[in-house]
Amino acid sequence: MAAVKAIMAESVPIAVGLVGPGAVGRALLEQLRVEIPSLVKKHRIDLQVQGILNSSQVLLGKEGQPINLETYGEQLLNSSADASLGVLTQHLRSSPLPHKVIIDCTASTYVPQFYRRWMEQGIHVVTPNKKLNSGPLADYLAVKQLQRSGRAHYMYEGTVGAGLPVISTLKTLLDTGDEVQRIEGIFSGTLSYIFNELSPPQGKTFSQVVWGARRRGYTEPDPREDLSGMDVTRKVITLARECGNKIELSGVDTESLVPEPLKHSPSPQEFMDSLHQYDSIMEERVKEAEAHGEVLRYVGSYDVESGVCQVLLRRFPKSHPFASLTGTENCISFTTLRYSNPPLIVRGPGAGPAVTAAGVFGDLIALARYLGAPS
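Residues numbered from 1 in each chain as written. Predicted model: local features only at pLDDT ≥ 70, side-chain atom pairs only at ≥ 80, totals over all residues. Heavy atoms only, no water.

Novice: Any chance you could explain the environment of Tyr302 here in plain terms?
Specialist: Mapping Tyr302 onto the fold places it in strand 9 (residues 294-303). Note: C-alpha distance between Tyr302 and Val286 (16 residues apart in sequence) is 25 Å. Setting aside its immediate chain neighbours within four residues, Tyr302 contacts Gln181, Arg182, Ile183, Val236, Ala240, Cys243, Asn245, Gly307, Val308 and Cys309. (Helix = DSSP H or I, 4+ residues; strand = E, 2+ residues; numbered from the N terminus. Contact = heavy atoms within 4.5 Å.)

Structure (structure tokens):
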């Protein structure tokens, strides 16, 4: 017991608040439940979940004690506390622990509006939410300025590539003086799956493949959100801004895969029921690519010299790294002064709650080490 108390005394305690216990949030809480005991013993990282907030309920730790992650679901359901970001913020601020972090696991545009306020109060922010980094430039620059001032850390590995080390790789390249010349990649697990399946000799139609992706849970409830290319566009903007480009969302040339007449279908089901009427358009593009020994891939790119960001359906030789992907894999290529022939490639699973949660978890551990935990 004395040894355990000694470890606890030397550990880095962090009060954690989580917003959005959906698929990614639940996966993260489960990973924390399993790993927290060993993090304290092995790495002296003491993560204490003090608050969990969803759209209608909030669960707060009582008398400075962390929430029981074995039973939080039922407790959250039965909670009658006022559910607001203000209540969660105040609860964290009142914690006696020296360090506080809020994890935003939502896809909301509302929650990121609080990042600046939290950081001004010394609360760190960790998130896989893409909306701040790809939203209005002024909001992004304000948060980055707070980060540079040392008021609080802002960490967002999970915004691009789920749990893949895409942001950290780019940061290392830039921080060590490398010159990034071009970034391009397959950034959407959903669209990776669709075009991997669409390639001959499978012989499936575009609508059949989209139906299959939807049944497997790879698409958003409304597949137009994936097919519009907006998710990929946000990821490309995030990487371009990391390189210093001040591009806005409207400045990206994005090719939507949603047939024009179906963009305003009243419901996702009506969209899906009508999609087959436009299969011939994609069939022609697949055949044309195959005739040249190529495949179709939906790719986002950023060219540093020109400053141009593009998100397009393009053709690649079957020998290209993008052509050999399977399932929902992502593949991101960095061409730099040091890594030019061949470029530096980051490849792996780019979708799913568990891998996205792992990216967020990795940021939490990195944060603890910035705050003094041993490496």
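Novice: It is not clear to me how the nonpolar core should be interpreted in this structure. Could you clarify?
Specialist: Nonpolar side chains in soluble globular proteins generally cluster together in the buried interior. In this structure, Trp118, Ile194, Phe195, Phe206, Leu227, Leu257 and Met282 are the most contacted members of the largest nonpolar core, which totals 69 residues. Apart from residues no more than four positions distant in its own chain, Met282 is found in contact with Phe195, Leu198, Phe206, Leu257, Leu296 and Leu313. Counting 33 residues, the second largest nonpolar core, distinct from the first, contains Val12, Ile45, Leu47 and Ile103. (Core = buried A, V, L, I, M, F, W, Y, C linked by side-chain atoms within 4.5 Å. Buried < 20%, exposed > 50% of the residue type's maximum accessible area, 1.4 Å probe, protein only.)

Novice: Please clarify how the sheet that holds strand 5 (residues 124-126) should be interpreted in this entry.
Specialist: What links the strands of a sheet is backbone hydrogen bonding, and the strands pair in either a parallel or an antiparallel sense. Here we have six strands laid out as an open sheet, ordered 3-2-1-4-5-6, and mixed in their pairing. Sheet topology places strand 3 (58-60) and strand 6 (154-155) at the edges, where each strand pairs with a single neighbour. Judged from the eight bridges that link them, strand 1 (residues 12-19) and strand 2 (residues 45-53) form a sheet pairing that is parallel. Counterpart to Ile14 in the pairing with strand 2 is Leu47. The strands touched by helix 2 (residues 23-43) within the sheet are strand 1, strand 2 and strand 4 (99-104), with strand 2 carrying the most contacts at an inclination of about 155 degrees. The strands touched by helix 4 (residues 85-93) are strand 1, strand 2, strand 3 and strand 4; relative to strand 1, the strand with the most contacts, the crossing angle is about 175 degrees. (Pairing = 2+ DSSP bridges. Axes fitted to C-alpha atoms, helices over the stretch in contact; angles between N-to-C directions.)

Novice: Any chance you could explain the packing of helix 8 (residues 166-175) against helix 12 (residues 230-242) here in plain terms?
Specialist: In a pair of packed helices, the angle between the axes and the distance between the axes together describe the arrangement. The N-to-C vectors of helix 8 and helix 12 enclose an angle of 20 degrees; their axes lie 10 Å apart at closest approach. Taken together, the axes of helix 8 and helix 12 lie roughly parallel to each other. For the pair helix 8 and helix 12, the crossing hand works out as right-handed. Residues Val166, Ile167, Leu170, Lys171 and Leu174 of helix 8 touch helix 12, and the partners they reach there are Thr238, Leu239 and Glu242. Of the residues that constitute the contact of helix 8 with helix 12, the class distribution is five nonpolar, one polar and two charged. (Parallel < 35°, antiparallel > 145°, perpendicular 65-115°, else oblique. Left-handed = near helix turned anticlockwise from the far one by under 90°. Nonpolar A, V, L, I, M, F, W, Y, C, P; charged D, E, K, R; others polar.)

Novice: What exactly am I supposed to notice about the pairing of strand 1 here?
Specialist: Regular strands place their side chains on alternate faces of the sheet. Among the eight residues in strand 1, eight count as buried, and that is most of the element. Of the two faces of strand 1, the one holding Val12, Ile14, Val16 and Leu18 and the one holding Pro13, Ala15, Gly17 and Val19 are both buried throughout. Pairing geometry for strand 1 and strand 4, over six bridges, is parallel. What sits directly across from Gly17, in strand 4, is Ile102.

Novice: Just to check I follow, could you spell out the pairing of strand 2 for this structure?
Specialist: For strand 2, the buried fraction is high: nine of the nine residues fall into the buried class. For the segment spanning strand 1, helix 2 and strand 2, crossover handedness is right-handed. Examined bridge by bridge, strand 2 and strand 3 share three bridges and lie antiparallel to one another. If you follow Leu53 over to strand 3, its bridge partner there is Val58. (Right-handed = clockwise from strand over helix to strand, strands pointing away.)

Novice: How should unusual backbone geometry be read in this particular structure?
Specialist: With glycine set apart, most residues show a phi of negative sign, and most peptide bonds adopt trans. The residue after Asn341, namely Pro342, is reached through a cis peptide bond having omega 5 degrees. If you trace the backbone, Pro342 turns up in the loop between strand 11 (329-336) and strand 12 (344-349). Although it is not a glycine, Arg44 sits at a positive phi angle of roughly 60 degrees. One can find Arg44 in the loop between helix 2 and strand 2. On the basis of relative accessible area, Arg44 is assigned to the partly exposed category, the value being 34%.

Novice: Would you explain the packing of helix 2 against helix 15 (residues 353-370) in this entry?
Specialist: Across the interface, helix 2 lies against helix 15 with an axial gap of 9 Å and an inter-helix angle of 40 degrees. Judged by the angle between their axes, helix 2 and helix 15 are oblique. Here the hand of the crossing between helix 2 and helix 15 comes out right-handed. Between helix 2 and helix 15, the residues in contact are Ala23, Val24, Ala27, Leu28, Gln31, Leu32, Glu35, Leu39 and His43 and Pro353, Ala354, Thr356, Ala357, Ala358, Val360, Phe361, Leu364, Ile365 and Arg369, respectively. Its residues placed into classes, the contact of helix 2 with helix 15 shows 14 nonpolar, three polar and two charged.

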